[in-house]
Amino acid sequence: MVFQNPLASFNPKKRLGKTFAEYGKFLGMTDEQYQNRMKGLLKYIKLSDDVLSRLPKELSGGQLQRLAIARALMSEPKFVLADEPVSALDVSVQAQILNLMLDLKEDKGQTILFISHDLNVVRHVCDRIAVVYLGAVMEMGTVEQVYNSVAHPYTQALISAKPKEHPLEDKKHILLEGDIPNAVDIPEGCRFAGRCRYFKEGLCDNRTPKLKDIGNGHYVACHFPLGIDRSKTAADM
């Protein structure tokens, strides 16, 4: 796992070399195996050996997050969970970490679950997207499906919130009204019902929509998916 805050994910009292050495022992590596593995990882993340002699607070956020990625790769995992790995970093540093993540995906074929609120980042890093609201998947599909054939009102609102890429771009923001339900006591029906522009009383607030395939592996949990005849869909319900 790669955590959101790189500084908080390392022991502040231990030099980084000791932290990595202890993890190598935990993985059952010999000293020689650890040295060879660490040498290769440092080369891959483009950091020099001297970072291992320092304390976490002596490095920048970008350097620490590179080391966090190296730590995640030490065990040669089949799956990496990256929880908001760039949100705590400056924009200029974010690009470096994202390029490293892309290298992992494209060059090494690493499977990564990338969690983020930044839709621009998600669009450029991920192959498939799952849009989650209150712990439930609202929409899921390829990047092209989710962005170019939006099927859920929540996804539509999220994409509309993305800042303009050019001052002359014609873009309208969708402002969500209503309050987010209590996550401990989720109401009946669709979790997004209280904030949805297409809410239908008696249906959306009573029946939880199932996650259904609307074509070619594009899934949506909505009684009235966007782009589909609403009257026909309501009748089918």
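Refer to the structure above for everything that follows.
A. The overall build of the protein chain, seen in detail. What the protein chain contains, in helices and strands, is eight helices and six strands. Ordered by position in the sequence, the α and β elements of the protein chain form the string α-α-α-β-α-β-α-β-β-α-α-β-β-α. Relative to a compact globule of 237 residues, whose C-alpha radius of gyration would be 18 Å, the protein chain shows 22 Å and is clearly more extended. For the protein chain, the C-alpha atoms occupy an extent of roughly 65 × 45 × 35 Å along the three principal directions. The 237 residues of the protein chain split such that 41% are buried. In the protein chain, the proportion of contacts linking residues at least 24 apart, taken out of those at least 6 apart, comes to 55%. Accessible surface, the protein chain: about 14100 Å² in total, of which carbon and sulfur atoms supply 51%. Taking the 31 positively charged and 29 negatively charged side chains of the protein chain as two groups, their mean positions are separated by 3 Å.

B. Molecular detail of the nonpolar core. If you look at the biggest cluster of nonpolar residues, it comprises 55 residues, and the most contacted ones within it are Phe 20, Leu 42, Leu 67, Ile 69 and Phe 114. Looking at which element gives the most residues to this core, the answer is helix H3 (residues 61-73), with seven residues. Once residues lying within four places of it in the same chain are set aside, the contact partners of Leu 67 are Phe 10, Leu 16, Phe 20, Leu 42, Ile 45, Leu 47, Val 51 and Leu 59.

C. Quick look at the side chain of Ser 9. Within the fold, Ser 9 resides in the segment before helix H1 (16-26). Once residues within four sequence positions are removed from consideration, Ser 9 is found in contact with Phe 3 and Arg 71.

D. Just the pattern of salt bridges, in detail. One pass over the full model with this rule turns up five salt bridges. A salt bridge links Lys 18 to Glu 22, with the shortest nitrogen-to-oxygen separation between them at 3.6 Å. Residue Lys 18 and its partner Glu 22 are both found in helix H1; the two are separated by four residues, about one turn of the helix. Taking relative accessible area as the criterion, Lys 18 reaches 48% and is therefore assigned partly exposed. Across the pair Lys 105 and Asp 127 runs a salt bridge whose closest N-O atoms are separated by 3.4 Å. One end of the pair, Lys 105, is in helix H4 (residues 91-106); the other, Asp 127, is in the loop between helix H5 (119-125) and strand E3 (128-133), with 22 residues separating them in the sequence. For Asp 127, a relative accessible area of 52% puts it in the exposed group.

E. Fine view of the packing of aromatic side chains. One pass over the full model with this rule turns up five aromatic pairs. With a centroid separation of 6.2 Å and an interplanar angle of 35°, the aromatic rings of Phe 10 and Phe 20 are classed as tilted. Here Phe 10 is found in the segment before H1, whereas its partner Phe 20 is found in helix H1, with ten residues between them in sequence. With respect to class, Phe 10 is no different from Phe 20; both count as buried. Plain terms: the ring middles of Tyr 154 and Phe 192 are 5.3 Å apart, the flat faces sit at 55° to each other, and that makes the pair tilted. Placement of Tyr 154 in helix H7 (residues 153-160) and of Phe 192 in the loop between H7 and strand E5 (212-213) is noted, with a sequence separation of 38 residues between them. Across the pair, Phe 192 and Tyr 154 agree in class, each one buried. Positioned over the ring face of Phe 10 is Arg 71, at 4.1 Å from the centre of the ring. The positively charged end of Lys 108 is found above the aromatic ring belonging to Tyr 44, 4.7 Å away from the centroid.

F. Geometry of H1. The complete set of buried residues in H1 reads Leu 16, Gly 17, Thr 19, Phe 20 and Gly 24. The buried residues of H1 occupy an angular sector of 160° when the element is viewed end-on, so they sit on one face. Across H1 from its buried face, at more than 90 degrees, point the exposed residues Lys 25 and Phe 26. Just beyond H1, the residue with positive phi is Gly 28, at close to 85°.

G. Looking closely at unusual backbone geometry. We note that Lys 46 has phi near 60°; this positive angle belongs to a residue other than glycine. Locating Lys 46 in the fold gives a position in the loop between helix H2 (31-44) and H3. A positive phi angle, close to 60°, is found at Asn 216, a residue other than glycine. The topology assignment puts Asn 216 in the loop between E5 and strand E6 (219-220).

Rules behind the numbers
- Residues numbered from 1 in each chain as written.
- Predicted model: local features only at pLDDT ≥ 70, side-chain atom pairs only at ≥ 80, totals over all residues.
- Heavy atoms only, no water.
- Helix = DSSP H or I, 4+ residues; strand = E, 2+ residues; numbered from the N terminus.
- Rg over C-alpha atoms; globule rule 2.2 N^0.38 Å.
- Buried < 20%, exposed > 50% of the residue type's maximum accessible area, 1.4 Å probe, protein only.
- Contact = heavy atoms within 4.5 Å.
- Areas by Shrake-Rupley, 256 points an atom, 1.4 Å probe, with all protein chains shown as cover.
- Lys, Arg positive; Asp, Glu negative; His and termini not counted.
- Charge placed at Lys NZ, Arg CZ, Asp CG, Glu CD.
- Core = buried A, V, L, I, M, F, W, Y, C linked by side-chain atoms within 4.5 Å.
- Salt bridge = Lys/Arg side-chain N within 4 Å of Asp/Glu carboxyl O.
- Phe/Tyr/Trp six-rings, centres within 6.5 Å; stacked < 30°, edge-to-face > 60°.
- Lys NZ or Arg CZ within 6 Å of the ring centre and 35° of its normal.
- Arc of directions from axis to C-beta.

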